[in-house]
Amino acid sequence: MIRKFKLYGRYYAIDTSSLAVHKISELQYDMLRYLSLPFESSFPSDLRYDLAKYESEKLSEAYIELASFN
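Residues numbered from 1 in each chain as written. Predicted model: local features only at pLDDT ≥ 70, side-chain atom pairs only at ≥ 80, totals over all residues. Heavy atoms only, no water.

> Looking at this structure, I do not really get helix 3 (residues 56–69). What am I missing?
For an α-helix, the turn length of 3.6 residues means that residues three or four places apart are oriented alike. Look at helix 3: 21 Å from first C-alpha to last across 14 residues, which is about the 20 Å you get at 1.5 Å a residue. Of all the positions in helix 3, only L59, A62, Y63 and L66 are classed as buried. Around the axis of helix 3, the buried residues are gathered within 105 degrees of arc, so they sit on the same side. Residues of helix 3 that are exposed and point over 90 degrees away from its buried face: E57, I64 and S68. Those residues of helix 3 that are buried are in contact with strand 3 (20–24), helix 1 (26–31) and helix 2 (47–50). (Helix = DSSP H or I, 4+ residues; strand = E, 2+ residues; numbered from the N terminus. Expected span 1.5 Å × (residues − 1). Buried < 20%, exposed > 50% of the residue type's maximum accessible area, 1.4 Å probe, protein only. Arc of directions from axis to C-beta. Contact = heavy atoms within 4.5 Å.)

> Help me understand the side chain of Q28 in this model?
As for its position among the elements, Q28 is in helix 1. Since its relative accessible area comes to 3%, Q28 is described here as buried. Separated by 3.3 Å, the side chain of Q28 and the backbone oxygen of A62 make a polar contact. If we ignore the near neighbours within four places in the chain, the residues touching Q28 are A62, E65 and L66. (Polar contact = N/O pair within 3.5 Å; in protein donor to acceptor, adjacent residues only side chain to side chain.)

> What is the right way to read the nonpolar core from this model?
Nonpolar side chains in soluble globular proteins generally cluster together in the buried interior. Counting 17 residues, the largest nonpolar core has I24, M31, L35, L59 and L66 as the members making the most contacts within it. Put simply, the parts of the chain that give this core at least two residues each are strand 2 (10–15), helix 1 and helix 3. Residue contributions to this core peak at four residues, all from helix 3. Excluding anything up to four places from it in sequence, L59 contacts L27, M31, F43, R48, L51 and Y54. (Core = buried A, V, L, I, M, F, W, Y, C linked by side-chain atoms within 4.5 Å.)

Listed below in C-alpha cells is the structure:
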C-alpha cells in the first residue's frame, strides 16, 4: 500500500510494506490517486484522460519512475 502526503509544499509517498519514503512530483502525487500496487508494466492509457492537464511524455516518465519504487 502506498500513502501520499504533502508537507511544506513538497510531495511525498510512503511504501507501507518497506516503510520507504520517496519525494515525488506533483504529477506523481496526482497519478497515485488512480493507481494501486502492483503497478502494471506500462502506463495505463485510460489515465491519460483523467490526467489530461499533463503532457503525455511527462505522464510516461513519471509512471516509470513510480514503478521503479516498487
